[in-house]
Amino acid sequence: MIEFTSGDRYLFNEGTHKQLYKKFGSFVVRDNEEVLGTYFCVYAPHASKVCVVGDFNHWNGTHHEMRRDDGIWSLFIPGIGEGSIYKYEIVTAFGQTILKADPYAFYAEQRPNTASIVYDIEGFEWTDAEWAKKRQFSNIFEEPLNIYELHLGSWRRNKELVESETFHSYTEIMDELIEYVLEHSYTHIELMPLYEHPFDGSWGYQATGYYAASSRYGEPKDLMMLINRCHEAGIGVIMDWVPGHFCRDAHGLFKFDGEAVYEYPYEDIAVSEWGTGNFDLGKGTVRSFLISNALFWMKYYHVDGFRVDAVANMIYWDGNKSRGVNHGAVEFIQKLNEAVFLEDDKILMIAEDSTSYPLVTAPVSVGGLGFSYKWNMGWMNDTLDYIELDNIYRPYHHNYITFAMAYAYSENFVLPFSHDEVVHGKKSLVDKAPGDYWQKLAQFRLLCTYQMTLPGKKLNFMANEIAQFHEWKDKEQVDWHLLKYPAHDASNRYIKDLNKLYLNEPALWELDHSFEGFEWIDVNNNEQSIFSYIRKCKNADEFVVVVLNFKPVPYHKYRVGVPCFGEYTEALNSDRDYYHGSNQYNGLPLVAKKGMTHGKPYYIEVTIPPYGATIFKYRPLEEETEVEEGLEVELA
């Protein structure tokens with residue numbers, strides 16, 4: 001039989017218990033007399049009475065009252081097993097009777113029903129040992145990281161599923177998703193929250209069951225199958241995780257036993273700006289609940305990382321910097337990261353943080369929060385503000401692009417174009433750009449190239465890759481029909497080629513977090529809105545030159561300074577006709593000529609396409625084949 005020992009109690013209250021999922025919840029076991037049944041255990045410190053109710057006792061707990069031991073209630077019920085539906089009937093200290101789902105349940109009823117289900121989480125046969133071994137010897141900071149963020153319920157959802165308010169299951173979507181991700185050369189998928197939540201429209205960010213994979217897509221082991229198959233295919237899986245706030249629905253965690261158990265006990269901070277309950281992150285029992293939860297997803301679902309939502313609302317009281325730092329929450333974040341990295345030092349912990357709070361990705365040992373990465377929200381906001389400007393105004397806002405490199409190495413950054421940027425009237429990524437249809441698509445390809453060639457890891461939300469014009473519609477699927485149109489099919493082809501180039505070009509990721517990995521060529525050409533820079537890797541002979549033109553004007557024989565003599569071959573051009581461009585490109589390799597340009601000893605004369613991006617791959621040549629500089633022509 002399972003026992004909650006004095007040692008468990010100490011760790012639980014201290015905030016350092018890491019395996020509460022083995023103590024609280026429901027478990028099919030045999031008692032001391034070898035009778036098969038289910039053991040239930042729940043924490044309700046303010047309750048005067050707790051009973052287990054369910055389909056096995058007609059929701060009448062008269063004969064199934066739990067035993068109390070200093071706020072921890074437990075009961076073994078013989079004869080019931082996996083699949084039994086239950087809740088806890090709690091009598092509060094004020095005499096009110098309430099029904100609550102099990103906070104530690106592994107499985108729950110499909111919405112709109114809200115009861116927990118007894119489920120055996122053990123026994124899935126994993127076959128991802130090769131992935132785990134590869135990951136063990138990896139160094140993600142010097143490897144490509146290109147994340148495809150998706151909402152599982154609306155990635156694929158045909159008309160029949162929309163009308164019936166159902167979804168494809170984890171296993172139904174599995175093969176098609178994996179094939180698609182591989183086809184587009186993404187390294188990881190990031191799944192928007194998949195733990196149990198009652199309201200589809202919350203997208204999973206308002207949870208009631210942190211230990212239960214959402215039943216709207218199938219059983220927990222179906223999700224394990226999906227992740228296992230991703231790993232077999234070489235795809236990492238990141239889970240969106242929300243340890244800051246939770247759903248206030250009646251069956252959930254809020255006022256769990258009639259009083260504050262998981263949230264702050266003070267009204268002014270108990271509820272977030274979204275109307276959700278704020279976790280009391282300074283309380284030991286809450287810390288144990290959440291840290292155990294992260295470790296649970298790592299152990300039982302083999303997740304490769306977490307995108308931690310709304311970190312700003314944890315760092316500062318209710319996300320308001322003027323109210324000061326929430327030191328209890330900061331300490332929780334540090335302990336969380338220490339715990340997960342102690343378990344797996346290759347795990348990805350990614351902070352979605354919009355603040356300038358320092359040392360978010362610095363180790364806890366030096367006073368940092370301990371995340372491995374932070375979303376670069378400042379870069380994202382400046383970049384999208386710039387792309388929304390008419391080209392005649394861009395020269396006056398040149399710093400929107402250049403400023404990012406001033407702080408690029410202050411943290412380990414992910415450059416995100418996430419779901420938050422394509423909803424609520426913000427327009428889709430392609431529709432943010434001004435101009436006609438052709439111009440929008442050209443600037444879309446340019447924007448994506450800028451993201452993929454700047455230092456920092458990458459993230460894009462689903463449908464960005466097909467240049468979807470509509471904002472994300474969470475109740476409908478991606479506008480896949482757009483791929484029947486040549487312009488969108490061509491734009492998608494460009495994203496595939498761009499992602500493949502990124503994956504195979506060490507200069508675009510190996511020195512992401514080193515000053516040595518990036519060098520401006522021309523940062524000051526605001527009049528023409530042209531930016532040029534070099535991306536480098538550890539091998540000095542394997543660099544690339546990137547030229548971006550944010551104006552609708554092409555340039556020919558435009559001089560770009562380069563550091564070395566050799567050939568510069570166009571590796572990718574966003575304006576090629578097979579990408580729906582105007583076909584202004586550099587056909588033959590360009591041989592560098594002597595001549596000081598942009599502070600460099602050599603230069604190449606290039607064709608720069610309108611609203612276009614060009615990437616040149618360097619190849620060294622012998623010095624005796626140098627091309628002598630001819631007559632210099634000063635170009636505007």
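Counting restarts for each chain, with residues numbered from 1 along the sequence as it is written. The predicted origin of the model limits local features to residues at a pLDDT of at least 70 and limits the giving and counting of side-chain atom pairs to 80 or more, whereas totals for whole chains, interfaces and linings rest on all residues. Heavy atoms from the whole structure form the basis of all side-chain values; hydrogens and water molecules are not counted.

**Digging into the overall build of the chain**
Comment: elements are numbered from the N terminus, with helices defined as DSSP H or I runs of at least four residues and strands as E runs of at least two. The helix and strand tally for the chain stands at 14 helices and 29 strands. Its C-alpha atoms give the chain a radius of gyration of 27 Å, near enough to 26 Å, the size a compact globule of 636 residues would have. Seen through its C-alpha atoms, the chain measures out along the principal axes to roughly 100 × 55 × 45 Å. Should any heavy atoms of two residues lie within 4.5 Å, those residues are counted as being in contact. Sequence-distant contacts in the chain: of pairs separated by 6 or more residues, those separated by 24 or more amount to 72%. Accessible surface, the chain as shown: approximately 24900 Å² in total, 50% of it carbon and sulfur. Based on C-alpha atoms, the radius of gyration is set beside the globule rule, defined as 2.2 Å times the residue count to the power 0.38. Reported accessibility uses the Shrake-Rupley method at a 1.4 Å probe radius. Residues are deemed covered only where the shown protein chains occlude them.

**A short note on the pattern of salt bridges**
When a carboxyl oxygen of Asp or Glu lies within 4 Å of a side-chain nitrogen of Lys or Arg, that pair is called a salt bridge. For the coordinates displayed, the defined rule picks out 32 salt bridges. Here glutamate 331 ties to arginine 287 by a salt bridge, and the two come within 2.7 Å at their closest N and O atoms. Highlighted residues: glutamate 331 in helix H10 (residues 327–343) and arginine 287 in helix H8 (residues 284–301), separated in sequence by 44 residues. Taken together, the shared-partner salt bridges connect Arg111, Glu196, Asp200 and Arg216 into one network.

**Structural notes on the layout of surface pockets**
With a 1 Å grid laid over protein atoms only, a set of points is called a cavity when a 1.4 Å probe fits there but cannot get out and a pocket when it is open yet has protein on both sides within 12 Å along at least five of seven lines; lining residues have an atom within 4 Å of a point. Grid points are joined across faces, edges and corners, and a volume is the space filled by probe spheres set on the points. Roughly 740 Å³ of internal volume is contained in the largest pocket. Of all the secondary-structure elements, those providing two or more residues to the lining of the largest pocket are helix H2 (129–136) and H10. Under this grouping Gly is polar, as are all residues other than the nonpolar Ala, Val, Leu, Ile, Met, Phe, Trp, Tyr, Cys and Pro and the charged Asp, Glu, Lys and Arg. Broken down by class, the residue content of the lining of the largest pocket amounts to 15 nonpolar, twelve polar and seven charged. In this structure, the second largest pocket spans a volume of roughly 540 Å³. In terms of lining, the second largest pocket is formed by 21 residues, of which the most central are Trp274, Asp309, Ala310, Glu352 and Asp420. In terms of residue class, the lining of the second largest pocket is made up of seven nonpolar, eight polar and six charged.

**Re the domain arrangement of the chain**
Accessible area lost during the coming together of the parts is what is often quoted as the interface size. Here the domain parsing of the chain yields domain 1 (6–118), domain 2 (144–157 + 165–241 + 283–316 + 328–508) and domain 3 (530–620). Boundaries of every domain are those given by an automatic assignment or by a domain database. Placing a centre on the C-alpha atoms of domain 1 and another on those of domain 3 gives a separation of 65 Å.

**A look at the sheet that holds strand S5 (residues 72–78)**
Taken in spatial order, the four strands make up an open sheet running S1-S2-S5-S4, and their pairing is antiparallel. Edge strands, defined here as strands with exactly one partner in the open sheet, are strand S1 (25–30) and strand S4 (67–69). Between one strand and the next, the sheet's axes are offset by a mean angle of 25°, whatever the strand orientation. Bridge count for strand S2 (residues 36–43) against S5 is seven bridges, and the pairing is antiparallel. Following the sheet pairing, tyrosine 43 is matched in S5 by isoleucine 72. Strand pairing follows a simple DSSP-based rule, namely that at least 2 bridges must link the two strands. Fitting a line to C-alpha atoms yields each axis, with helices limited to the stretch in contact; the angle taken between N-to-C directions then spans 0 to 180 degrees.

**Some details on unusual backbone geometry**
With omega at 10°, the peptide bond leading from arginine 111 into proline 112 counts as cis. Its place among the elements puts proline 112 in the loop between strand S7 (97–100) and strand S8 (116–117). Backbone geometry places histidine 302, a non-glycine residue, at a positive phi of 55°. Summarising the element assignment, histidine 302 is placed in the loop between H8 and strand S16 (305–308). In this structure, alanine 310 is a non-glycine residue whose phi angle is positive, near 50°. Inspection of the secondary structure puts alanine 310 in the loop between S16 and helix H9 (312–315).

**Concerning empty space enclosed by the protein**
Within this structure, the stated rule accounts for six cavities of 30 Å³ or more. Of the voids in this model, the largest cavity is the one considered here, and its volume is about 130 Å³. As for the largest cavity, its lining consists of 16 residues, of which Gly244, Tyr264, Asn278, Asn313 and Met314 are closest to the centre. Residues of the lining of the largest cavity, tallied by class, amount to nine nonpolar, five polar and two charged. Along its surface, the second largest cavity is lined by 17 residues, and Met462, Ala463, Gln468, His470 and Trp472 are the ones closest to its centre. Tallied by class, residues from the lining of the second largest cavity come to nine nonpolar, five polar and three charged.

**Examining the sheet that holds strand S19 (residues 413–417)**
Consider a sheet: its strands pair through backbone hydrogen bonds, and that pairing is either parallel or antiparallel. Strands sit in the order S9-S10-S13-S16-S17-S18-S19-S20 around a closed barrel of eight strands; the barrel is parallel. Pairs of neighbouring strands in the sheet enclose a mean axial angle of 25°, with direction left out of account. By the bridge criterion, four bridges tie strand S9 (residues 146–150) to strand S10 (residues 188–191) in an arrangement that is parallel. By the bridge assignment for S10, leucine 150 is matched with leucine 191. Where helix H11 (residues 377–387) meets the sheet, it contacts strand S18 (373–375) and S19, and its direction lies at approximately 40° from that of S19.

**Regarding the UniProt feature "active site" (unreviewed entry) in the chain**
UniProt positions are given in the numbering used here, feature names are shortened, and annotations may be inferred rather than shown by experiment. Here, the residues flagged by UniProt with the feature "active site" (unreviewed entry) are Asp309 and Glu352. These annotated residues cover 44 residues of sequence, but their C-alpha atoms sit close together, with the largest distance between any two at 5.3 Å. As for the lining of the largest cavity, the annotated residues named previously contribute Asp309. Secondary-structure assignment places aspartate 309 in the loop between S16 and H9. Setting aside anything within four residues of it in sequence, one finds aspartate 309 in contact with Tyr205, Asp240, Trp241, Val242, Pro243, His245, Met314 and Glu352. For the exposure calls, accessible area comes from a 1.4 Å probe over protein chains only, and a residue counts as buried if that area is under 20% of its type's maximum, exposed if over 50%, partly exposed in between. Residue glutamate 352 is classed as buried on the basis of its relative accessible area, which comes to 11%. For glutamate 352, the residues in contact, after removing those within four places along its chain, are Arg307, Val308, Asp309, Ala310, Val311, Ala312, Trp375, Met377 and Asp420.

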